[in-house]
Every structure is written in structure tokens, then in C-alpha cells.
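# Results of the structural survey
Each chain, written out:
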Amino acid sequence: VLMIVNLSEGTHSLVPAAHQENHKGDSGQYIKSIIYGGLDGIVSVFVSVASVEAGSTALGVVLLLGLAKLISGAISMGVGDWMSTAAEVDYARNERMREQWECDNYLEGEIDEMVELYVEKGLSEQTARRLMTIVSRNPKLFIDMMMVDELGILPDEEHQVPWKHGAVNFTSFMVFGTVPLIGYVVYLSIGKLAHPTTMTTFGVSIGLTGFTLLLMGFVKGKLTGTNRVVSAVTTLLFGSVGAAIGWLVSFLLVK
């Protein structure tokens, strides 16, 4: 049984009588930044390493160029996510202000618009009008509904923190982008004891990158509630295709 609690006084949640849902929490809003930053980091750094590798460059040079790409890419992605999220927040807030003004000055017209939308969704005009008349008694709820149904803007979008998205994207890029470089760091560290070849080191980089793409996809599937195996394979496939194309272009240019 669902109960609508005190619509007219500002509370508009639907409270299940005997059911509790387990949600992912606020961390779910950062999944996009984590995956976007991480995937771009690991693929772009790997392609940078692979492109230099195609020219048979010394290991130290490969590592330095990889680090340069890692740092510059992380900064660019972090700032880009920050600015794009800030733009989304500003847009959502401006639209809310506009809808608020229209409700304050032309409430009947806004009710008519919502009635038309819900009639298109399948409600009768009488039911839709009765519903909107009740909901409009709670201005915040009514505006929330207009934001979603008319503009496709979820209420939570206004409360995003842009710098946090940027920081998450930056960190994800740095963490995952480091993976293709691990083999070079290790081999250079033991270079006096062993004599690693560039192909061996590149092979280690390929293996670590592929494994991390699988792991990233698996975790993404777990967080989003989708099939973990399919998510892992899909992430590996798209990441590998992007890396392979980048390496092929570099190889052909060098040759």
C-alpha cells in the first residue's frame, strides 16, 4: 500500500507500507565521471605509449612521454568535467527560476500544459486535471514534475557539485592512466639486474591494460546492476578497439 504524505505542506514522498529499497547512495552520481575519466585515461596513455613504441624509442623516453600525457590528460579531463557539470547546474537552476515565475504568475496555464502531457501519457483529461490540481498545491513538487516531464531535468541535477565531479574525473584518469606505465617503471627499476627489451615491456603494458579494462567493466556492471560479464567484455572490447586504432595509425605513420 502506498501513502501520499502531506502534499500541501511540502512533503511529497511516496512511503511504502512494507517495502524498503536499497539504493547505491550519493556515490552513484559519480559513476559517469569515474568510468569516463578512467577509460579515457587508460586508453589514451596506452596509445601514447604504443605510438612511441612503434618507433622503437628507448624505454626512458617512452615513460617520460607517457607521464606527460597522463598529467596533461588528467588536468584536461578534470577541468572539462568540472566546467560541463557547472553548465548543467546553471541551466537547471535557470529553468527552475523560469518555471517558478510562470507558476507564480500563470499557474492555470502551467496546469493546462501538464494536463496535456499526462493525457498524452494515457490518463483521461479529468483524471489528469484532478491530479495536477492536487499536486499544484505543493509548488516545489509541481515544479519538480514540470522540470522532469517538460524539460527532462531531474531535481538532483541542480545539486551536483561541479568541482567534485572534476576531482573524481581527474583522480580516475590518473589512477587508471598509470596502468600502462607500470611495466616501464618496474623494468627500468630492475634494469641493472636484467636487460628488458621494449617488446617485453610493451607486452606487459598490453596485459595490464587489458586486465584493468576487464576489471573496470566488471565493477561498472556491479555498480549499475547490469550483467557484470557483459559489462566487462564490452569495456574490454571498446577499449581495445580504440587502443588498437591509435596504435595502427601511429605504426603506419612511422613506417
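Here the structure is a predicted model, which is why all the values come from computation and not from measurement. (Residues numbered from 1 in each chain as written. Predicted model: local features only at pLDDT ≥ 70, side-chain atom pairs only at ≥ 80, totals over all residues. Heavy atoms only, no water.)

## Considerations on the overall build of the protein
- The helix and strand inventory of the protein stands at 9 helices and 2 strands.
- When the helices and strands of the protein are read in sequence order from the N terminus, they spell out β-β-α-α-α-α-α-α-α-α-α.
- In the protein, which comprises 255 residues, the proportion classed as buried is 35%.
- Long-range contacts, defined as pairs at least 24 residues apart, comprise 72% of the intrachain contacts of the protein with a sequence gap of at least 6.
- Here the protein has roughly 15100 Å² of accessible surface; of this, 66% comes from carbon and sulfur atoms. (Helix = DSSP H or I, 4+ residues; strand = E, 2+ residues; numbered from the N terminus. Buried < 20%, exposed > 50% of the residue type's maximum accessible area, 1.4 Å probe, protein only. Contact = heavy atoms within 4.5 Å. Areas by Shrake-Rupley, 256 points an atom, 1.4 Å probe, with all protein chains shown as cover.)

## Thoughts on the confidence of the model for the protein
- When pLDDT is averaged along the protein, the result is 81; 82% of the residues meet or exceed 70.
- At the level of individual helices and strands, the protein shows its lowest average pLDDT in strand β1 (residues 2-4), which scores 39, and its highest in helix α6 (residues 162-177), which scores 94.
- Confidence drops under a pLDDT of 50 for residues 1-15, and excluding neighbours within four residues, the segment shows 26 contacts in the predicted structure. (pLDDT = per-residue confidence, 0-100.)

## A closer look at the packing of helix α2 (residues 59-105) against helix α5 (residues 139-151)
- Contact pair α2 / α5: the axes reach a minimum separation of 10 Å and the direction vectors enclose 120°. Judged by the angle between their axes, α2 and α5 are oblique. Here α2 runs over α5; the crossing is right-handed. Every residue of α5 that contacts α2 at Ala92, Glu95, Arg96, Arg98, Glu99, Gln100 and Cys103 is listed here: Lys140, Phe142, Ile143, Asp144, Met146, Met147, Glu150 and Leu151.
- Looking at the contact of α2 with α5, its residues break down into 7 nonpolar, 1 polar and 7 charged. (Axes fitted to C-alpha atoms, helices over the stretch in contact; angles between N-to-C directions. Parallel < 35°, antiparallel > 145°, perpendicular 65-115°, else oblique. Left-handed = near helix turned anticlockwise from the far one by under 90°. Nonpolar A, V, L, I, M, F, W, Y, C, P; charged D, E, K, R; others polar.)

## Points about the pattern of salt bridges
- Counting across every chain of the model gives 8 salt bridges.
- Residue Arg129 is joined to Asp112 by a salt bridge in which the shortest nitrogen-to-oxygen separation is 3.0 Å. With Arg129 in helix α4 (residues 125-135) and Asp112 in helix α3 (residues 107-120), the pair connects residues that are 17 residues apart, well separated along the chain.
- Accessibility expressed as a relative area gives 31% for Arg129, which makes it partly exposed.
- A relative accessible area of 31% places Asp112 in the partly exposed class. (Salt bridge = Lys/Arg side-chain N within 4 Å of Asp/Glu carboxyl O.)

## Here's the deal with the packing of aromatic side chains
- The full count for this structure, using the stated rule, is 0 aromatic pairs.
- Here Lys121 stacks its cationic end above the ring of Tyr118, 5.7 Å away from the centre of that ring. (Phe/Tyr/Trp six-rings, centres within 6.5 Å; stacked < 30°, edge-to-face > 60°. Lys NZ or Arg CZ within 6 Å of the ring centre and 35° of its normal.)

## Observations concerning the nonpolar core
- Counting residues in each nonpolar core, the largest one holds 24 residues, and the members touching the most others are Ile42, Val45, Val49, Phe173, Leu181 and Tyr184.
- Secondary-structure elements contributing two or more residues to this core are α1 (31-53), α2, α7 (179-189) and α8 (198-224).
- Top element by residues in this core is α1. It accounts for 10 residues.
- Non-local contacts of Val49, meaning those with residues more than four positions away in its chain, are made with Val62, Gly66, Leu181 and Tyr184. (Core = buried A, V, L, I, M, F, W, Y, C linked by side-chain atoms within 4.5 Å.)

## Re a nonpolar patch on the surface
- On the surface, Ile71, Ile75, Val79, Trp82, Met83, Trp163 and Phe170 cluster together into a nonpolar patch covering about 720 Å² of accessible area.
- The set of elements that each furnish at least two residues to the nonpolar patch consists of α2 and α6.
- Structurally, Trp163 can be placed in helix α6.
- Given the relative accessible area of 49%, Trp163 is considered partly exposed. (Patch = residues over 30% accessible without salt bridge, like charges linked within 9 Å, V, L, I, M, F, W, Y side chains within 5 Å.)

## A few points about the side chain of Asn169
- As for its placement among the helices and strands, Asn169 is situated in helix α6.
- Here Asn169 falls in the buried class, since its relative accessible area comes to 0%.
- In terms of polar contacts, Asn169 uses its side chain to reach the side chain of Asp81, at 2.9 Å.
- Sequence-distant contacts of Asn169, defined by excluding residues within four places in its chain, comprise Ser33, Tyr36, Gly37, Met77, Gly78 and Asp81. (Polar contact = N/O pair within 3.5 Å; in protein donor to acceptor, adjacent residues only side chain to side chain.)

## A closer look at the side chain of Arg96
- If you trace the backbone, Arg96 turns up in helix α2.
- Overall, Arg96 belongs to the buried group, its relative accessible area being 18%.
- With residues up to four places along the chain from it excluded, the contact list for Arg96 reads Lys140, Ile143, Asp144, Met147, Pro155 and Glu158.

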